[in-house]
Amino acid sequence: MRFLIFFIFILFISAKPINFSLYKLDSNNPSNKPALLVISGIQGDEPGGFNATSILIKHYKVYDGSVWVVPNLNQYSILRNNRGIYGDMNRKFAKLDKSDPEYQIVQDIKKIILDENVIKILHLHDGSGFYREDYINNMLNQNRWGNCSVIDQGTLFEYNDLNDNISQVVEYINGNLLDELHRYRVRNTNTANGDIEQEKSLTYFATINKKMAFANEASKSLPLNQRVYYHLLSIEGMMKSMNIKFERDFNLDIKSIDKLINHEDTNIVINDIIELPLYNIKPVINHFPIQKENIDFYSNTPIVWLFKDEKNYRIKHGNKNLVYLKPFYTEFDYSLKNVNIIIDNNEIEIPIGTIISIKDSFEIPPLPYRVNVIGYYKDGVDSEVGIKIKKKDLMDRFSIDKDNKKYRIEFYKQTKGQKDKFAGMIIVDFKD
Ligand SMILES: [Zn+2]
C-alpha cells in the first residue's frame, strides 16, 4: 500500500498566491528510505510537467523506496495559464525580497528540498524547440530547451557524478523514443561559471546545498500527451537509478496517456455533500448551490482545482478549463447523511454526495427534506418524492454532461420562517 495523502483544500478567495501540495508515494516502511523529489508547475503554462506528476500520483505505486511529489509549485499561475503572474518563480532561489508575494512558497519548497530524506530532485519543464549541441535550424539549436536533461555541473562536490546519473536516465528515455527527432541530450549549464540566470534557479539552489538536482525538459513543439510521455520516462529513469521499485496501472504509451489525462473517473467533492463527475462535463452549469464562505474541496486528481473568478466559480484541470459554476448562494445544512432511493425497483441506502448508476428509473420515497430533481417538472409538485422518474422525464438542457446522461438531485432542509438550506446532492447517471 502506498500512503497517498488527499488534501482538503480550503478556498481563501482573497489569499493569493496559493500554497502547493506535497504527496508522498511511499512503500510500507518509509523510514530512512531515500526519497526522489519530483517538482512540476513552477511555470503555469507548462502543462506537460503537471499532467505527468498528476498521473504519477494517481497511477503509480511505489513499493520499495520513496517518491515525493509537488505537482503544482505555482498553483496560482497554473490556474491563469501564465508563466508567472508574479514573475518567473524559477529566478527567485538566490535572493528574494520578503515583500515578494511568492516569498513564503519559495521558503516552503526550499525546506522540502533540504529535507534530509531527499536525495535527488527532478524538476520538470516544458521547453521550446529541441536542444542540439550545434546549430541546425531555428528550432534545433544550442539555445533551445526542448527534450534535454539538464544539470548545473558535472559532479557534485567531488562525491557524486551527476553526468553519470543523468546519462542513465537519458539512455532510458532514448530507448523508448517515439521519433528520432525527439532524442534526448545531456545539457550541462555549468552554472557556476558565470550563468547569472541559472544561478537564480531551483536546481542550482539544490546543487549548492549538496543535493543532486536535475531538470527534465519536454519540447513545447510536442502535443501534451507526448510531453507527458517523456516526463514520465524521465521520472521512471530517475527511479530506476535510485533502485526505487514501482508499478503503474497502465501501459506507457500515447493512447493510455490520453485516457489518463482525460480520465472518466475524474471528480471533485465539495464540502463533502456534493460529488461532481468532471468527465465530459458541460462548460457551464447554472444555479449551482454554493456556500458563501468556508468552501472546501478535494479531488481524486491532484491538479483539479476549484476557485472563484470574479462572479463565477470555476473548476480547472491544470491550466485547462473544465466548467463554470454559476452560483446559487445558499446556506448549507449537514444533517442529512443517507437517502433511501429506489433504483431500478430496488430500494438502496445511498450516502449523500455520491454518484449512482441508473439503468431505467429512480424514485425517492418521502423524507423530511425537500427534493429537487433538476430537469424534472410537474405542475404543483414542490418536493419530487414518490415519483418514478425515467430519463425521458428529464430535460436535456438540465443535464450536467454533454451526453445528457447525468442529472442532479438536490436536497433542502426546510425550517418554518427560514430560507431552505441546501443539504446535499446525489448525481444520477443513466448509463447505457
Ligand atoms: Zn519551465
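Q: How should I be thinking about unusual backbone geometry in this particular structure?
A: With the exception of glycine, the majority of residues adopt a negative phi angle, and the majority of peptide bonds are in the trans configuration. Positive phi is not limited to glycine here, since Asn81 has a value of about 50°. On the secondary structure map, Asn81 appears in the loop between helix 2 (75–79) and helix 3 (103–113). Positive phi values are uncommon outside glycine, yet Asp272 reaches one of about 65°. Inspection of the secondary structure puts Asp272 in the loop between strand 15 (267–270) and strand 16 (274–277). On the basis of neighbour count, Asp272 is assigned to the partly exposed category, with 16 C-beta atoms found within 10 Å.

Q: Looking at this model, I keep getting lost on the sheet that holds strand 28 (residues 406–413). Mind explaining?
A: Strand-to-strand pairing in sheets goes through backbone hydrogen bonds, with the strands running parallel or antiparallel. Taken in spatial order, the four strands line up as 24-29-28-26 in an open sheet, and their pairing is mixed. Both edges of this open sheet fall to strand 24 (354–358) and strand 26 (370–373), since each of them pairs with a single strand only. Strand-to-strand twist in this sheet, taken as the mean axis angle between neighbours without regard to direction, amounts to 25°. Summarising the sheet, strand 24 and strand 29 (residues 421–430) pair through five bridges and their orientation is parallel. When the bridges of strand 29 are listed, Ile355 appears paired with Ile427.

Q: Could you clarify how one ought to interpret the environment of Tyr298 in this entry?
A: Residue position: Tyr298 is located in strand 18 (residues 296–298). Note on Tyr298: 17 C-beta atoms within 10 Å, which makes it partly exposed. Along the chain, Tyr298 and Asp396 lie 98 residues apart, while their C-alpha atoms are 28 Å from each other.

The rules behind the values
All residue numbers here refer to positions counted from 1 along the written sequence of the relevant chain. Whole-chain, interface and lining totals are the exception, using all residues; otherwise, since this is a predicted model, local features are given only for residues with pLDDT of at least 70 and side-chain atom pairs are given and counted only at 80 or more. The secondary structure listing takes helices from DSSP runs of H or I that are at least 4 residues long and strands from runs of E that are at least 2 residues long, numbered from the N terminus. Here the C-beta atoms are placed from the backbone, and a residue counts as buried if at least 20 other C-beta atoms lie within 10 Å of its own, exposed if 12 or fewer do, and partly exposed otherwise. Whether two strands pair comes down to DSSP finding at least two bridges between them. Every angle, taken between N-to-C directions, lies between 0 and 180 degrees, and every axis is a line fitted to C-alpha atoms, over only the stretch in contact when it is a helix.

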